[in-house]
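# Descriptive analysis of the structure
Now for the letters of each chain:
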Amino acid sequence: MSEPSHHPTHESRQSLWRLIVSPTIWAAHFLLSYITAAIWCEKVAGRDGPLTGARVAIAIYTVVALVGIAINGWGGWRRHSYGAGEVPHDADTPEDRHRFLGFATLLLAALSAIAVLFAALVVIFFNDCR
Amino acid sequence: MLRSFCHSRFNATLALIGGSGVQSSLDPAGREAERIAALFWWMTGGTVVIWLSMVALAFYAIHARPEAHTEKRARLFIIGGGALVPTVVLGGLLTYGLSMLPDLIAKAPDGSLRIAVTGEQWWWRVRYVLPEGGEVVTANEIRLPVGEPVQFDLDSPDVIHSFWIPTIGGKMDMIPGRQTRLVLHPTRTGTFRGVCAEYCGASHTYMAFYAVVMEKADFKRWLEEQRQPAAEPVDPLTKQGREHFLANGCSACHTVRGIGADGLVGPDLTHLGSRLSLGAGFLPNDLETLTRWIARTNEVKPGVHMPHFRMLPADELHALAAYLASLK
Amino acid sequence: MIRLLAKLVGLDAGDAAIRRGIRAVIVFTLAGLLLVGVIAGALLVVSGAIPTAASSRHWAVTEWFLHFTMRRSIDTHSLGTDVPSLDQPDLVLKGATHYEIGCRSCHGSPGGTLPRIPQQMTPHPPYLPLRIGELKPRELFYVVKHGVKFTGMPAWPTQKRDDEIWAVVAFLQKMPGLDEAAYHQLVNGPPPPTAPIETLGGITQLPHALTQSCMRCHGHDGLGRGSGAFPKLAGQSIGYLQNALKAYAQGRRHSGIMEPLSAGLDSAAIRDLARHYHNLRAPERRQPEQQDTAAIAEGESIARRGIFTQRVPSCIDCHAPEGRRHKPAYPLLAGQPADYLVLQLELFKDGRRGGSDYAHLMDPIASRLQPAQMRAVALYFEFLAHPSQR
């Protein structure tokens with residue numbers, strides 16, 4: 001029994017890329033925050049200067065990153081809840097593979113969100129470049 | 001033989017200083033060390049709690065309820081125990097640790113005592129920057145007033161060293177080409193030991209110092225004494241020693257204020273006799289060791305930059321050591 | 001081949017046993033011949049019949065073969081040698097004076113022939129003024145440094161002083177262009193004053209070595225013939241001079257020129273020589289050239305204060321003390337030629353200088369100096385007034 005190719009659970013419509021969107025956002029957020037703080041402290045504020053501008057930037061990155069992760073996670077949730085299937089989605093069917101990928105995406109999104117928050121936590125406590 | 005020599009000397013020095021705790025971060029004598037000790041105890045306590053919980057869970061699973069759980073209950077265990085609890089615990093620890101940091105690296109208030117310490121292979125160049133201007137230079141020993149914040153400005157001309165007095169506070173790297181900062185608040189008087197905490201070459205182990213926390217009045221008196229030029233030799237032997245010090249060119253590397261010795265390569269020796277140790281915190285400061293140090297530096301401290309003076313006649317070495325020991 | 005042999009002697013080559021027999025005969029014959037040869041050779045040597053007399057000379061073919069072997073060896077072993085610039089008067093002078101002391105007695109000098117005694121050596125040394133062009137500079141360097149086996153040519157007394165060997169090579173390059181008079185002018189310098197050389201410091205008799213060797217380079221006035229090749233010994237401290245001669249004599253200071261000369265001195269001669277040079281009038285302070293003033297100023301700063309960032313201590317505390325006692329073991333550097341001082345610093349830096357028990361003090365200092373800083377500080381001392389003239 002095969003689905004038509006436009007059907008959401010058809011194999012040609014599955015992608016691993018959506019799985020790694022959230023961790024990629026986390027990595028980008030980490031890198032951007034790090035580079036922003038480094039450039040800010042070296043070129044703008046000076047070694048003992050205030051972190052203000054970098055803090056605002058990192059706050060914006062964080063919001064953007066969390067929204068991105070949330071959208072990706074929401075997508076994962078929808079695929080996970082497709083039809084009527086219970087975790088662990090381990091049946092050898094296109095539907096369960098579809099649900100499984102969605103569920104993994106959702107879990108990675110949750111992990112990435114926590115990691116982004118942990119990284120952003122630093123600038124809550126630090127207000128200068130030291 | 002050399003090792004046993006150093007070892008016995010070191011033990012003797014320890015005994016001299018008075019028992020344990022001179023280099024323990026679990027016996028804090030500074031505000032920063034107290035916080036680090038508190039963090040250590042919290043983490044140890046937390047670790048014990050987690051470990052006990054795990055043992056309890058294992059016991060529960062094996063003995064109390066060996067039969068299978070319902071799906072719902074199992075999911076609760078996995079999500080709660082596997083994801084939520086670690087997230088909360090790590091989040092809490094991170095928050096606690098981060099909240100300590102700004103204070104630990106904060107600048108000392110204006111007007112605080114400032115000490116510039118340069119870590120060199122393998123000794124410490126120490127300069128007290130006086131608020132009224134000028135500085136007092138010494139080496140391989142740091143004295144601090146109790147109950148006051150002290151700011152250390154740290155750097156290095158050669159390789160990365162790390163400045164650490166475990167009993168008083170955390171450690172801070174000394175990096176060639178940039179200045180790092182460390183603020184310490186000693187809370188009780190006593191003699192403690194500091195070390196280089198970053199491997200820096202052959203004699204890294206022998207790069208230490210004593211940190212003496214004193215009552216404020218005592219500290220003031222000490223600093224004033226250190227500020228003075230070298231003591232004038234009184235007996236013929238030490239007078240002779242001073243002549244040898246100058247004639248042998250010791251002054252090309254060492255400063256002894258007041259006698260025209262202005263070398264900057266090695267440690268300032270103006271008040272060498274008043275220090276607790278020789279060779280950067282690992283040898284006792286007595287006449288015998290001092291003589292041996294001058295004659296056989298390279299054997300006592302591998303790789304040391306000071307050349308040995310084995311070739312000097314014994315009486316010259318003796319007079320030199322006597323003179324340096326008299327510089328109280 | 002065995003089949004062929006079998007056919008020749010009329011045996012059945014198809015028979016394996018016969019082939020084995022023939023093979024055995026061949027092997028035993030060869031082994032027997034070898035044994036006889038070895039025994040005969042041993043008997044020849046043991047009997048003493050071979051003449052090793054130099055007077056018997058080599059056969060022409062032996063001589064050709066030995067010479068050819070040596071030339072091939074020298075050429076191959078000296079491949080890849082970096083040849084420094086040799087056309088420098090100081091280098092030539094240093095090489096020339098050493099040639100006169102160390103080489104001439106075997107190799108002769110311009111305007112003569114091969115000296116009488118080396119003529120009787122087998123093989124006899126070449127008369128160099130005519131034959132020097134046969135070897136390239138790199139080959140000459142190799143021969144002077146390492147000597148030649150089975151001839152009278154010794155290796156250089158130390159393997160640490162390539163600079164001295166290049167000085168000899170520099171002179172050898174010049175020698176074919178010199179006539180007898182020019183050669184004598186070069187190796188002897190201007191004639192000494194007609195009055196007998198002053199004896200100073202209570203020395204009743206000048207050491208033989210002084211007139212034979214020392215003066216040739218260091219000058220009768222101890223001023224080093226005004227050349228950057230030689231240190232000025234006049235006015236130098238006694239302790240340093242004595243220590244230096246002893247260190248040379250014991251091979252602790254390295255020099256193919258000074259080691260053999262010092263090794264021949266007894267302690268009384270060393271003491272007298274040191275006193276003699278110490279008591280000679282120290283070099284006059286000279287005025288520097290305009291173009292050197294910047295370097296001299298930098299040199300003064302290094303000499304007086306050291307270079308703190310490189311952890312280089314000051315020089316004057318030991319080498320030109322002001323207002324304090326000078327330690328006799330440390331050389332006074334005022335007035336010494338900058339070239340000589342730079343050479344010493346380079347030797348220290350490379351661990352090739354050696355010296356007395358005090359010499360190790362200089363190793364870390366020299367190794368922290370940049371070449372330009374060595375030159376600057378050396379120039380400062382060249383134009384500094386000697387303490388006796390301040």
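Sequence order as written defines the numbering, with residues in each chain counted from 1. Chain labels run from A onward and ligand labels from 1 onward, assigned in the order the entries are written. At least 70 in pLDDT is required for a residue's local features to be given in this predicted model, at least 80 for side-chain atom pairs to be given and counted, and no such filter applies to totals for whole chains, interfaces and linings, which use all residues. Processing note: side-chain calculations cover all non-hydrogen atoms of the structure and skip hydrogens and water entirely.

## With respect to unusual backbone geometry
The omega torsion across Gln121(B) and Trp122(B) is -5°, close enough to zero to call that bond cis. Here Trp122(B) is to be found in the loop between β1 (113-120) and β2 (123-129). Here the residue pair Thr122(C) and Pro123(C) is connected by a cis peptide bond, since its omega of -5° sits within 30 degrees of zero. Numbering goes from the N terminus for both helices and strands, where a helix is a DSSP run of H or I of at least four residues and a strand is a run of E of at least two. Locating Pro123(C) in the fold gives a position in the loop between α5 (116-119) and α6 (128-131).

## Observations regarding the side chain of Glu100(C)
All names here are of chain C. Turning to its location among the elements, Glu-100 is positioned in helix α4 (residues 89-107). Think of a polar contact as two N or O atoms within 3.5 Å of one another; within protein, one of them needs to be a possible hydrogen donor and the other a possible acceptor, and neighboring residues in sequence only count if both atoms come from side chains. At 2.7 Å, the side chain of Glu-100 and the side chain of Tyr-183 are in polar contact. In what follows, a contact means two residues having at least one pair of non-hydrogen atoms within 4.5 Å. Aside from chain neighbours lying at most four places away, what touches Glu-100 is Tyr-183, Val-187 and Arg-216.

## Focus on the domain arrangement of chain C
Residue and element names in this part refer to chain C. Delimitation of the domains relies on an automatic or database domain assignment. Entries for chain C in the domain assignment read domain 1 (82-188), domain 2 (220-279) and domain 3 (292-383). The centre of domain 1, based on its C-alpha atoms, is set 32 Å off from the matching centre of domain 3. In total, about 390 Å² of surface goes out of reach between domain 1 and domain 3, with carbon and sulfur atoms giving 47% of it. Interface area lost by domain 1 to domain 3 is led by Lys-160, Arg-161 and Asp-163, which between them contribute 80%. Salt bridges are defined as contacts in which a side-chain nitrogen from Lys or Arg sits within 4 Å of a carboxyl oxygen from Asp or Glu. Where domain 1 meets domain 3, there are 0 salt bridges. Applying the counting criterion to the domain 1 and domain 3 interface returns 1 residue pair in polar contact (both at pLDDT 80 or more). Those elements that provide at least two residues to the side of domain 1 that touches domain 3 are α4 and α8 (162-174). Classes in brief: Ala, Val, Leu, Ile, Met, Phe, Trp, Tyr, Cys and Pro nonpolar; Asp, Glu, Lys and Arg charged; the others, Gly included, polar. Taken together, the residues that form the side of domain 1 that touches domain 3 break down as no nonpolar, no polar and 6 charged. Each of two parts loses accessible area, computed with a 1.4 Å probe, when they are put together; buried area is these two losses added.

## Comments concerning the nonpolar core
In plain words, nonpolar cores are sets of buried Ala, Val, Leu, Ile, Met, Phe, Trp, Tyr and Cys residues tied together by side-chain atoms within 4.5 Å. Throughout, exposure labels follow a simple rule: accessible area from a 1.4 Å probe, protein chains only, divided by the maximum for the residue type, with under 20% read as buried, over 50% as exposed, and the rest as partly exposed. With 34 residues, the main nonpolar core has Ile115(B), Val117(B), Trp124(B), Tyr128(B), Ile142(B), Phe152(B) and Phe163(B) as its most contacted residues. Leave out the neighbours within four places in its chain, and Tyr128(B) touches Leu113(B), Arg114(B), Ile115(B), Gly134(B), Glu135(B), Val136(B), Thr138(B), Ile142(B), Arg143(B), Phe219(B), Trp222(B) and Leu223(B).

## Describing the interface of chain C and chain B
On the chain B side, the residues contacting the 16 residues of chain C number 21 residues. Three residues, Arg311(C), Arg324(C) and Arg325(C), lead the burial of chain C against chain B; their summed loss comes to 31% of the area buried on that side. At the boundary of chain C with chain B, the tally comes to 2 salt bridges. Across the pair Glu120(B) and Arg311(C) runs a salt bridge, and its minimum N-O distance is 2.6 Å. Viewed at the interface, chain B and chain C are joined by 10 residue pairs in polar contact (both at pLDDT 80 or more). Here the residues of the side of chain C that touches chain B sort into 7 nonpolar, 2 polar and 7 charged.

## Quick notes on helix α7 (residues 314-325) of chain B
Residue and element names in this part refer to chain B. Every helix has an expected span of 1.5 Å times one less than the residues it contains. Given a rise of 1.5 Å per residue, 12 residues ought to cover 16 Å, and the 16 Å separating the end C-alpha atoms of α7 matches this to within 8%. Taken together, the buried positions of α7 are occupied by Glu-316, Leu-317, Ala-319, Leu-320, Ala-321, Ala-322, Tyr-323 and Leu-324. Tucked inside the fold, the buried residues of α7 contact α5 (236-247), β11 (255-256) and α6 (287-300).

## Some points on the side chain of Glu120(B)
Looking at where Glu120(B) falls in the secondary structure, it is placed in strand β1. What Glu120(B) contacts, discounting residues up to four positions off in sequence, is Arg125(B), Pro157(B), Asp158(B), His161(B), Met207(B), Val265(B) and Arg311(C).

## So, the sheet that holds strand β5 (residues 150-155) of chain B
Think of a sheet as strands paired side by side through backbone hydrogen bonds, with each pair either parallel or antiparallel. All names here are of chain B. Strand pairing follows a simple DSSP-based rule, namely that at least 2 bridges must link the two strands. Spatial strand order, β3-β2-β1-β5-β8: 5 strands in an open sheet with mixed pairing. Both edges of this open sheet fall to β3 (135-139) and β8 (180-184), since each of them pairs with a single strand only. On average, each strand axis in the sheet is inclined to that of its neighbour by 25°, with strand direction left out of account. Relative to β8, β5 runs antiparallel, the two being bridged by 5 bridges. Counted as the bridge partner of Gln-151 is Val-183 from β8. Here an axis means a line fitted to C-alpha atoms, over the contact stretch when the element is a helix, while the angle between two N-to-C directions is reported on a 0 to 180 degree scale.

## Concerning a nonpolar patch on the surface
Residue and element names in this part refer to chain B. The patch calculation keeps residues exceeding 30% relative accessible area without a salt bridge and links them within 9 Å when they carry like charges or within 5 Å when they are nonpolar (Val, Leu, Ile, Met, Phe, Trp, Tyr). Values of accessible area rely on a 1.4 Å probe in the Shrake-Rupley scheme; residue burial ignores everything except the protein chains shown. A cluster of nonpolar side chains, Met-43, Ile-50, Met-54, Leu-57, Phe-77, Ile-78, Ile-79, Leu-84, Val-85, Val-89, Leu-90 and Leu-93, forms an exposed patch at the surface whose accessible area comes to about 1100 Å². Those elements that provide at least two residues to the nonpolar patch are α2 (31-64) and α3 (71-104). By the secondary structure assignment, Met-54 is in helix α2.

## Structural notes on the environment of Ser22(A)
All names here are of chain A. Relative to the helices and strands, Ser-22 is located in helix α1 (residues 21-45). A C-alpha to C-alpha distance of 9.6 Å links Ser-22 and Leu-107, two positions 85 residues apart in sequence. Here Ser-22 is in contact with Ile-69, Asn-72, Leu-108, Ala-109 and Ser-112, once residues within four sequence places are set aside.

## Re empty space enclosed by the protein
In this approach, a probe sized like a water molecule rolls over the atoms, and the result shows the empty space that is left. Residues and elements named next belong to chain C. Residues are called lining when one of their atoms sits within 4 Å of a cavity or pocket point, these points coming from a 1 Å grid over the protein atoms alone, where a cavity is a set in which a 1.4 Å probe fits but cannot get out and a pocket is an open set with protein on both sides within 12 Å along at least five of seven lines. Grid points are joined across faces, edges and corners, and a volume is the space filled by probe spheres set on the points. Per the counting criterion, the structure on display carries 2 cavities of 30 Å³ or more. Every residue lining the largest cavity is listed: Lys-232, Ala-234, Gly-235, Gln-236, Pro-283, Leu-332, Ala-334, Gln-336 and His-386. Its residues assigned to classes, the lining of the largest cavity comprises 4 nonpolar, 4 polar and 1 charged. Here the lining of the largest cavity gathers at least three residues from each of two domains, domain 2 (220-279) and domain 3 (292-383).

## Let's talk about the confidence of the model for chain C
Summing up the model confidence of chain C, the mean pLDDT is 91 and the portion of residues at 70 or higher is 97%. If you check the scores for this complex, the pTM reads 0.82 and the ipTM reads 0.84. Confidence scores per residue from the predictor, reported as pLDDT, run from 0 to 100.

## Quick word on the arrangement of the chains
The assembly contains 2 pairs of chains in contact; the pair sharing the most contacts is chains B and C. Where chain A comes nearest to chain C, the C-alpha atoms are still 24 Å apart, and the two do not contact one another.

## Some words on the interface of chain B and chain A
A common measure of how large an interface is: the accessible area buried when the components associate. Between chain B and chain A, the residue contacts involve 17 residues of the former and 11 residues of the latter. Of all residues in chain B, Leu94(B), Leu98(B) and Ile105(B) give up the largest surface area on contact with chain A, accounting jointly for 32% of the area buried on that side. Taken together, chain B and chain A are joined by 0 salt bridges. In this structure, the connection of chain B to chain A is made through 0 residue pairs in polar contact (both at pLDDT 80 or more). Per-element accounting of the side of chain B that touches chain A gives the leading share, 11 residues, to α3(B).

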